[in-house]
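Now for the letters of each chain:
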Amino acid sequence: MTAEPGESAVPDELTDSTDSTGSTGSTGRTPARPEARTAGGRGRRPRAVVVGGGIGGLTAAVALGLRGWHVTVLERAAGLKPVGSGISLAPNAQRALDVIGLGEEIRSLAAWEGEGGLRTPGGRWLSRSDAKAAAERFGGSLVLLHRATLIDKLASRLPDGVVHTASAAALADPGVAGDPARPARVTTPEGAFEAELVVGADGIRSAVRTALFPAHPGAVYAGFTTWRLLVPPLGRPFAQHETWGRGRIWGTHPFADGTVYAYGAAVAPAGEHAPDGEKAALLRRFGDWHDPIPAIIDAAAPGEILRHDVHHIAEPLPAFHRGRVALLGDAAHAMPPTLGQGGNQAIEDAVVLAHHADPAQPDALGLPAYTAARRPRTTAIARKAVAVGRVNMLGNRTAMALRNTLIAALDRTGPAVMLRGFDEIADWRPPQRPYAAQTQRV
């Protein structure tokens, strides 16, 4: 993992990588109103309804708005406060954010300086790398930030009234692409919305996905659980790292303001929780690992340690669209957080969808092209994330020793193992030029 764990894939890196915020936070936008149903009617700009106000949904809303769609976002939670702690944005996601004019602002938050890498619980380095090596290999480094920061930056690029909170949406009719008389239809407790395009960005337990593909088995348990925590600056330097133990891993990374983001993961039965609290569970599992792990656990407020089981979509969907509806993010391809790519792939999905969804042809759409562009890539990355999870969660001591020896040997012969894992992932580029010069419209 690299700094993003949670529930699907979690926090996409040990952060709940749900695309819908799934939160009951108080920070919100406009509650859904029945009168919003008529916005962007016939003779006006084509309508797009985004179900889910998480990272993927908001990115799609911004991109589609810049493309020329009249956008409405329906978020079931009372506010846009996200579930999760941190998210790491790799160069591929940063390039996608360039499309909507946010890339450079995100890059300015980069905090990785000096060396980092992969360690054993006793502190021995198996593999080392640094920000310069990452930038040379992929054209940029990882940027770690709070999920709430990213949500706020995306939401600020939408006009007032676009985001409707406390609005639980259900797909009533996917519509028929190519038939102007058959728009898609989404219902909420306050009323129904019709649209030429609906985007299902409602997370790992997506109701939109279930409506489109009711026979699909959905997400399954990945076999391990995760914890995420934020603590104040430690007051002393440390090398950011990921540490692999026996059926357990730990990661420690700084935010730009010095706040420390940490995550742990361990093989465990689904649904398990510590009767004496999750801080005690972390101390039992990681309390004797190398510095600064014990100090970080000690500094954590017990009530602010998040724990989520990791789920993923093991059986790929037959398509990422049906009718006038497109799925993105966890709703389409939830993956384990072991590559930290869940949220990154949702951002990619959003800008690629905007590229193919031409507002000048709202009845033709470009959803088959969207599926063709995104399904092979995300399926490959999801499978790689599963494979990495099997390797870093090994419980057999002999297999672990062999794994560690191989990693150390590979590190001596070329780029760090953790950098190699991002080959053909972090070097991705979006299909379109930035929309940044355009003006967002209501």
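Residues numbered from 1 in each chain as written. Predicted model: local features only at pLDDT ≥ 70, side-chain atom pairs only at ≥ 80, totals over all residues. Heavy atoms only, no water.

Engineer: Would you mind going over the overall build of the chain with me for this structure?
Structural biologist: Counting its regular elements, the chain contains 13 helices and 19 strands. Looking at the chain residue by residue over its 442 residues, the buried ones come to 58%. The long-range fraction of contacts in the chain, counting pairs at least 24 apart against all pairs at least 6 apart in sequence, stands at 77%. Summed over its atoms, the accessible surface of the chain is roughly 16200 Å², and 54% of this surface lies on carbon and sulfur atoms. (Helix = DSSP H or I, 4+ residues; strand = E, 2+ residues; numbered from the N terminus. Buried < 20%, exposed > 50% of the residue type's maximum accessible area, 1.4 Å probe, protein only. Contact = heavy atoms within 4.5 Å. Areas by Shrake-Rupley, 256 points an atom, 1.4 Å probe, with all protein chains shown as cover.)

Engineer: Which parts of the structure should I look at to understand the packing of aromatic side chains?
Structural biologist: To describe a pair of aromatic rings, you give the distance between the ring centres and the angle between the ring planes. Scanning the entire structure with this criterion turns up 7 aromatic pairs. With a centroid separation of 6.3 Å and an interplanar angle of 80°, the aromatic rings of W227 and F286 are classed as edge-to-face. Of the two residues, W227 sits in strand β13 (residues 220–231) while F286 sits in helix α7 (residues 278–286), which places them 59 residues apart along the sequence. A single burial state applies to W227 and to F286, both of which are buried. A ring pair is formed by Y261 and Y263, whose centres lie 5.9 Å apart and whose planes are at 50°; its orientation type is tilted. Classification of Y263 by relative accessible area gives buried; the value is 0%. Pairwise contacts between aromatic rings join W227, W250, F286 and W289 into one cluster. (Phe/Tyr/Trp six-rings, centres within 6.5 Å; stacked < 30°, edge-to-face > 60°.)

Engineer: Hey, could you run me through α7 in this one?
Structural biologist: Each α-helix turn comprises 3.6 residues. Residues three or four places apart therefore point the same way. The set of residues buried in α7 consists of E278, K279, A281, L282 and F286. Buried residues of α7 fall within an arc of 155° about the axis and therefore sit on the same side. Elements in contact with the buried residues of α7: β13, β15 (248–254), β16 (260–267), α8 (293–299) and β17 (306–312). (Arc of directions from axis to C-beta.)

Engineer: What's the story with the sheet that holds strand β11 (residues 191–195) in this structure? I'm lost.
Structural biologist: Strand pairing in a sheet relies on backbone hydrogen bonds, with the paired strands running either antiparallel or parallel. Ordered by their spatial adjacency, 3 strands build an open sheet running β9-β10-β11, and the pairing between neighbours is antiparallel. At either margin of the open sheet sits one strand with a lone partner, and together these are β9 (170–173) and β11. The mean angle between the axes of side-by-side strands here comes to 30°, regardless of whether they run parallel or antiparallel. (Pairing = 2+ DSSP bridges. Axes fitted to C-alpha atoms, helices over the stretch in contact; angles between N-to-C directions.)

Engineer: Could you clarify how one ought to interpret the sheet that holds β17 in this entry?
Structural biologist: The mixed open sheet is built from 7 strands, whose spatial order is β6-β5-β14-β15-β16-β13-β17. With one partner strand each, in any of the chains shown, β6 (125–130) and β17 form the two edges of the open sheet. Mean inter-strand twist for the sheet, computed between neighbouring axes without regard to direction, equals 20°. Sheet topology places β13 next to β16; 8 bridges connect them, and they run antiparallel. Bridge assignment links W227 to a residue of β16, and that residue is G264. In this fold helix α12 (residues 397–413) packs onto β5 (115–119), β6 and β14 (241–244), with an angle of close to 35° to the strand it touches most, β6.

Engineer: Is there a simple way to think about unusual backbone geometry in this case?
Structural biologist: Backbone geometry follows two general trends: most residues other than glycine have a negative phi, and most peptide bonds adopt the trans configuration. Cis rather than trans, the peptide bond between D291 and P292 has omega equal to 10°. Counting through the fold element by element, P292 comes out in the loop between α7 and α8. The residue L365 is not glycine, and still its phi comes out positive at about 55°. The residue L365 is located in the loop between α10 (342–356) and α11 (367–392) in this model. Residue classification places L365 among the buried positions, given a relative accessible area of 12%.

Engineer: Explain the pattern of salt bridges here, please?
Structural biologist: Between side chains of opposite charge, a pair can form when the charged atoms approach closely. Counting across every chain of the model gives 16 salt bridges. Residue R374 pairs with E348 through a salt bridge whose shortest N-O separation is 2.8 Å. Of this pair, R374 sits in helix α11 while E348 sits in helix α10, placing them 26 residues apart in sequence. E348 carries the same exposure label as R374, and that label is buried. Among the salt bridges present, the one from E348 reaches R377, with a minimum N-O distance of 2.8 Å. One end of the pair, E348, is in helix α10; the other, R377, is in helix α11, with 29 residues separating them in the sequence. (Salt bridge = Lys/Arg side-chain N within 4 Å of Asp/Glu carboxyl O.)

Engineer: Before we go on, may I ask you to explain the side chain of E242 in this structure?
Structural biologist: Residue position: E242 is located in strand β14. R403 provides the closest opposite charge to the buried, salt-bridge-free E242, at an N-O distance of 9.4 Å. There is a polar contact of 2.4 Å between the side chain of E242 and the side chain of Y263. (Lys, Arg positive; Asp, Glu negative; His and termini not counted. Polar contact = N/O pair within 3.5 Å; in protein donor to acceptor, adjacent residues only side chain to side chain.)

Engineer: I keep staring at the packing of α10 against α11 and nothing clicks. Help me out?
Structural biologist: Angle between the axes and distance between the axes: these two values describe a pair of packed helices. Contact geometry of α10 with α11 gives a least axis separation of 9 Å together with a crossing angle of 160°. By the angle class used here, α10 and α11 are roughly antiparallel. Crossing handedness for the pair α10 and α11: right-handed. Here α10 contributes Q345, E348, D349, V352, L353 and H356 to the contact with α11, which in turn contributes L367, A369, Y370, A373, R374, R377, T378 and I381. (Parallel < 35°, antiparallel > 145°, perpendicular 65-115°, else oblique. Left-handed = near helix turned anticlockwise from the far one by under 90°.)

Engineer: Is there a simple way to think about the pairing of β17 in this case?
Structural biologist: In regular strands, side chains alternate between the two faces of the sheet. Counting buried positions along β17 gives 6 out of 7 residues, so the element sits mostly inside the fold. The pairing of β13 with β17 spans 6 bridges and is antiparallel. The partner of T225 across the bridge, within β17, is D309.

Engineer: Please clarify how the confidence of the model for the chain should be interpreted in this entry.
Structural biologist: Do not read the fine detail of predicted coordinates wherever pLDDT is low. Here the chain averages 88 in pLDDT, while 86% of its residues score no lower than 70. In this model residues 3–28 is a low-confidence stretch, pLDDT under 50, and it forms 182 contacts with partners more than four residues away in sequence or in other chains. The model gives residues 31–42 a pLDDT under 50, and that stretch makes 26 contacts with residues more than four places away or in other chains. (pLDDT = per-residue confidence, 0-100.)

Engineer: Sorry, what's going on with the packing of helix α2 (residues 91–99) against α10 here?
Structural biologist: The N-to-C vectors of α2 and α10 enclose an angle of 35°; their axes lie 9 Å apart at closest approach. Where α2 crosses over α10, the handedness of that crossing is left-handed. Residues N92, A93, A96, L97 and V99 of α2 pack against N344, Q345, I347, E348 and V351 of α10. Grouping the constituent residues of the contact of α2 with α10 by class yields 6 nonpolar, 3 polar and 1 charged. (Nonpolar A, V, L, I, M, F, W, Y, C, P; charged D, E, K, R; others polar.)

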